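So you can see what is in the structure, the chains are spelled out below.
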Amino acid sequence: MRIIELKETVTASNDRDAEVLRGELKAKGTLLVNLMASPGAGKTTLLERIIRDMDSDVDAVRIEKLGAKAVQAHTGGMCHMDAGMTRTALDELGADHFDLVVLENVGNLICPAEFDTGAQKRVMLLSVPEGDDKPLKYPLMFSVSDVLILTKTDVAPYFDFDFDACKRRARQLNPRIEIFEVSAKTGAGFDAWEEWLARAILENKGN
Amino acid sequence: MHEMGIILHLAKSLEEEARAQDIQKILRVTLQVGEVSGIMTDYFTDCWNYFRKRHPVLSTAELELETIPAVTFCSNCEKTYPTVQYGRECPYCHSGETWLLRGNECIIKEIEVE
């Protein structure tokens, strides 16, 4: 009988898988964005909008009209996607020639924040009806995200959502977080966010 | 909150370790779990006992949990305080500019093997 000291975090093997995947994607020039939010915050609606906009606006992005290629990833009942599941989904997609792949994660503000999927960028959504206190309740999600998109801004007049307080709370957790305000219904705010996305795609290709 | 997911990753890490070191049976796994890691220890142990049966190398492994106390640092008065007792607001100067120093970890400390 002997004791082996390991002293590594439980997610260490996933972190290693994620790092390998990130390297492979970078070599292919594919930007993988991990999109995270609560159920109903507008992940799919946001994607529909950017697929429509970027097809006509950004030459570098090869998205075929609204018929962008998609696969349904399966987590086997898990509350989050990990690097292994992401690799399986990418293999199914055949992602050798994509500039941008978006992983629409499980609707949940807790578990997806803990697991590295191998994505180069993490983008989270927070919709106005959810409330400006969410950075206080789910700090890890705001800490690990590169971008926070405040969605459904068109309904702001009907809610007491304090944009300044929300941004202050998010920046306190993560001073580097980039914040955009959008409405997929009216299209407001999409220019700035899509410009960020287009830049991220180009930067990922080393330009 | 996501105990089963963490158990899956724990099992994967341990199986990799067992393969690398040619271990047949793990008898005990000691985990260090932070007080504010969000892991419910009772539920976590239940998940482990359910899950380990599916893996030959883990089936005999008892789970032992050690708690890491959560400590928060106040960047205003530069003091530290116990997170669970006082939460986000510094008990000394009442500032909200506080940061978790430790307490959200989940670390595999050691394993006992045959």
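As a reminder, the structure under discussion sits directly above these lines.
This one's a predicted model, so the numbers in the text were calculated from it and none came from an experiment.

Visitor: Break down the overall build of chain B for me, citing the residues and quoting the values.
Guide: Across its full length, chain B carries 3 helices and 6 strands. Each helix (α) and strand (β) of chain B, taken in turn from the N terminus, gives the series α-β-α-β-β-β-α-β-β. Compactness check: chain B gives a C-alpha radius of gyration of 18 Å against a globular reference of 13 Å for 114 residues, more than 25% above the reference. With the principal axes as the frame, chain B shows a C-alpha extent of 55 × 25 × 15 Å.

Visitor: I'd like a description of the interface of chain A and chain B, backed by residues and values.
Guide: The interface is formed by 26 residues belonging to chain A together with 33 residues belonging to chain B. The contact between chain A and chain B buries some 2500 Å² in all, and 60% of this surface belongs to carbon and sulfur atoms. Run the count over chain A and chain B and you get 2 salt bridges. Here K12 of chain B and D17 of chain A are joined by a salt bridge, their closest N and O atoms 2.6 Å apart. Within the residue set of the side of chain A that touches chain B, elements represented by two or more residues are β1 (2-9), α1 (12-28), α4 (111-114) and α7 (163-173) of chain A. For the side of chain A that touches chain B, the leading source of residues is β1 of chain A, giving 8 residues. Split by residue class, the side of chain A that touches chain B holds 13 nonpolar, 5 polar and 8 charged.

Visitor: Describe the pattern of salt bridges, naming the residues involved and giving the relevant values.
Guide: Tallied over the full model, the rule gives 18 salt bridges over all chains. Ionic pairing is found between E8 of chain A and R16 of chain A, a salt bridge with its closest N-O pair at 3.4 Å. Among the residues examined, R16 of chain A registers a relative accessible area of 42% and is labelled partly exposed. Residue R28 of chain B pairs with E112 of chain B through a salt bridge whose shortest N-O separation is 2.8 Å. Highlighted residues: R28 of chain B in strand β1 (residues 26-34) and E112 of chain B in strand β6 (residues 106-113), separated in sequence by 84 residues. Classification of R28 of chain B as buried rests on a relative accessible area of 14%. What makes E112 of chain B buried here is its relative accessible area of 15%.

Visitor: Describe in detail the pairing of strand β6 (residues 178-181) of chain A, supporting the description with residues and values.
Guide: Residue and element names in this part refer to chain A. Pairing of strand β5 (residues 147-151) with β6 involves 4 bridges; the strand directions are parallel. Looking at β6, one finds that I149 is bridged to F180. Of the crossover connections in this fold, the one passing from β5 over α7 to the parallel β6 is right-handed.

Visitor: How would you summarise the environment of I4 of chain A if you had to cite specific residues and measurements?
Guide: Among the secondary structure elements, I4 of chain A is positioned in strand β1. The contacts of I4 of chain A, once residues within four sequence positions are left out, are E17, Q21, I23, K109, E110, I111 and V113 of chain B.

Visitor: Outline the packing of aromatic side chains, supporting the account with residue identities and numerical values.
Guide: A full pass over the atoms with the stated rule returns 4 aromatic pairs over all chains. Ring geometry for W193 of chain A versus W196 of chain A: centroids 5.9 Å apart, planes at 20°, classification stacked. Taken as a pair, W193 of chain A and W196 of chain A lie in helix α8 (residues 190-204) at a separation of 3 residues, close to a single helical turn. Here the aromatic rings of Y81 of chain B and Y86 of chain B are separated by 6.0 Å at their centres, their planes lie at 80°, and the arrangement is edge-to-face.

Visitor: Run through α7 of chain A, naming residues and quoting values.
Guide: All names here are of chain A. Where α7 is concerned, the buried positions are F163, A165, C166, K167 and A170. Taken together, the buried residues of α7 touch β4 (121-127), α5 (134-137), α6 (139-144), β5 and β6. Capping the start of α7, D162 holds a side-chain oxygen 3.2 Å from the backbone nitrogen of D164, two or three residues further along.

Visitor: Please set out the packing of α1 of chain A against helix α3 (residues 83-93) of chain A residue by residue, giving values where relevant.
Guide: Residue and element names in this part refer to chain A. Where α1 meets α3, the closest approach of the two axes is 8 Å, and the angle between their N-to-C directions is 35°. For the pair α1 and α3, contact is made by N14, D17, A18, V20, L21, E24 and L25 and by A83, G84, T86, R87 and L90, respectively. Here the contact of α1 with α3 is built from residues that sort into 6 nonpolar, 3 polar and 3 charged.

Visitor: Break down the packing of helix α1 (residues 3-20) of chain B against helix α2 (residues 41-51) of chain B for me, citing the residues and quoting the values.
Guide: Residue and element names in this part refer to chain B. In the contact formed by α1 and α2, the axes pass within 9 Å of each other and the chain directions differ by 50°. With respect to α2, the element α1 is oriented oblique. In this structure, the crossing between α1 and α2 has a hand that is right-handed. Contact residues: E3, M4, I6, I7, L8, L10, A11 and L14 in α1; Y43, F44, C47, W48, Y50 and F51 in α2.

Visitor: Describe the sheet that holds strand β2 (residues 62-68) of chain B, listing the residues and the values that go with them.
Guide: The 4 strands are arranged β1(A)-β6(B)-β1(B)-β2(B) in an open sheet whose pairing can be described as mixed. In the strand order of this sheet, the two ends are held by β1 of chain A together with β2 of chain B, each with one partner. Across the sheet, the mean angle from the axis of one strand to that of its neighbour is 20°, orientation sign disregarded. Packed onto the sheet, α1 of chain B meets β1 of chain A together with β1, β2 and β6 of chain B and runs at close to 45° relative to β6 of chain B. Relative to β2 of chain B, α2 of chain B is tilted by about 155°, and along the sheet it contacts β1 and β2 of chain B.

Rules and cut-offs
Residues numbered from 1 in each chain as written. Chains lettered and ligands numbered in written order. Predicted model: local features only at pLDDT ≥ 70, side-chain atom pairs only at ≥ 80, totals over all residues. Heavy atoms only, no water. Helix = DSSP H or I, 4+ residues; strand = E, 2+ residues; numbered from the N terminus. Rg over C-alpha atoms; globule rule 2.2 N^0.38 Å. Contact = heavy atoms within 4.5 Å. Buried area = accessible area lost by both parts, 1.4 Å probe. Salt bridge = Lys/Arg side-chain N within 4 Å of Asp/Glu carboxyl O. Nonpolar A, V, L, I, M, F, W, Y, C, P; charged D, E, K, R; others polar. Buried < 20%, exposed > 50% of the residue type's maximum accessible area, 1.4 Å probe, protein only. Pairing = 2+ DSSP bridges. Right-handed = clockwise from strand over helix to strand, strands pointing away. Phe/Tyr/Trp six-rings, centres within 6.5 Å; stacked < 30°, edge-to-face > 60°. Polar contact = N/O pair within 3.5 Å; in protein donor to acceptor, adjacent residues only side chain to side chain. Axes fitted to C-alpha atoms, helices over the stretch in contact; angles between N-to-C directions. Parallel < 35°, antiparallel > 145°, perpendicular 65-115°, else oblique. Left-handed = near helix turned anticlockwise from the far one by under 90°.

Bear in mind that shape data such as this cannot, by itself, settle questions of function.
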